[in-house]
Amino acid sequence: MGKKIAVDFQVLPDECISNIISRTLTSPGDACRSSLVSSIFKSIADSDLVWEKFLPSDLKEIISRSVSTVVSSSKKELFLRLCNHPILIDDGKKSFSIEKWSGGKCYMVAARELTIIWGDTPVYWRFSDVAELLDVCWLEIHGKMDTRMLSMKTTYAAYLVFKFRESTYGFSCQPVEVSVRLVGGGGREWHTMYMDPDGCLKRQHQSYKGQVRHIRIRSSHLLKNPTLTPWIHCERQFPQERGDGWMEIEMGEFFNDRGEDGEVEMSLTEVKDGNWKSGLLIQGIELRPKESK
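First things first, this report covers the structure right here in the doc. None of these values were measured; they are calculated from a predicted model.

**Notes on the packing of aromatic side chains**
And step 1. Taken as a whole and judged by the stated rule, the model has 8 aromatic pairs.
And step 2. Ring centres 5.3 Å apart and planes at 55° place the aromatic pair phenylalanine 96 and tyrosine 107 in the tilted group. Taken together, the residues phenylalanine 96 in strand S2 (residues 94–98) and tyrosine 107 in strand S3 (residues 105–110) connect sequence positions 11 residues apart. For the pair shown, phenylalanine 96 and tyrosine 107 are each scored as buried.
And step 3. Lying over the aromatic face of tryptophan 246, lysine 163 brings its terminal NZ or CZ to 4.5 Å of the ring centre.
And step 4. Taking NZ or CZ as reference, arginine 288 lies 3.9 Å from the ring centre of tyrosine 159, over its face.

Here you go:
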């Protein structure tokens, strides 16, 4: 049997340890965990040499488009700042942040940059920092993003970021259609979502799912309980709460291979029933890396 060789990391140059850590750690989370091993590891794991690899290669160019000065004392501090505090870029038309687990680039297309049908008519929509729906019967919203701005080899999801005023109507049980597609990449696939302002539909859905788990569904049971049918045969999607006081609903996802696909287009519509709607506030559409399952 070969003899075990013990290595004293304290005798290794910092650059050597840094090189080992940067090559073996593949995510910001790995770097944070390795800093707990020892004081030597912490010093190296917190260094600019390690955190440089987790920052986007074009970050300097992105920051140059910021509407305010971005200051940090280290690469790690800059990384964490951009995770927790998005910066406004392109004269406030977009915001940029970093996804903390992967270092992937996140963008939000601001409401003013979205194409909103009737959005230029003050009686229907009002704009400040957000878009406020005053009264429409035809809801149609589109946004675009250049895929070269996004992280390559990454699956992205697009989210409409919104909330409702207390006095809202027209959305309680009304479905909306959403889609995300690469422009020029083929047909468009639509999905049905519910914006569900009071959360009532989501609570019903959870309740019915609980019933389905504990009963054997038979055709006779469905005939006696017709309201169960739609909850069993289709998976409805509902908004999720964010940590910033807003809601978001996933519009779809796509894989950004090498960023050469041109543009990705995100759409939301409700144009079929002609019912009047009001009270919707839109912050924008956010694109961020999809979490691995």
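**Some points on the environment of serine 102**
And step 1. You can see serine 102 is positioned in the loop between S2 and S3.
And step 2. Given the relative accessible area of 43%, serine 102 is considered partly exposed.
And step 3. For the pair serine 102 and glutamate 291, spaced 189 residues apart in the sequence, the C-alpha separation amounts to 9.2 Å.
And step 4. Residues within four places of serine 102 in sequence aside, it is in contact with Pro28 and Pro289.
And step 5. Within polar-contact distance, the side chain of serine 102 engages the side chain of glutamate 99 at 2.7 Å.
And step 6. For serine 102, the side chain forms a polar contact with the main-chain nitrogen of glycine 104, separated by 3.1 Å.

Parameters at a glance
- Residues numbered from 1 in each chain as written.
- Predicted model: local features only at pLDDT ≥ 70, side-chain atom pairs only at ≥ 80, totals over all residues.
- Heavy atoms only, no water.
- Phe/Tyr/Trp six-rings, centres within 6.5 Å; stacked < 30°, edge-to-face > 60°.
- Helix = DSSP H or I, 4+ residues; strand = E, 2+ residues; numbered from the N terminus.
- Buried < 20%, exposed > 50% of the residue type's maximum accessible area, 1.4 Å probe, protein only.
- Lys NZ or Arg CZ within 6 Å of the ring centre and 35° of its normal.
- Contact = heavy atoms within 4.5 Å.
- Polar contact = N/O pair within 3.5 Å; in protein donor to acceptor, adjacent residues only side chain to side chain.

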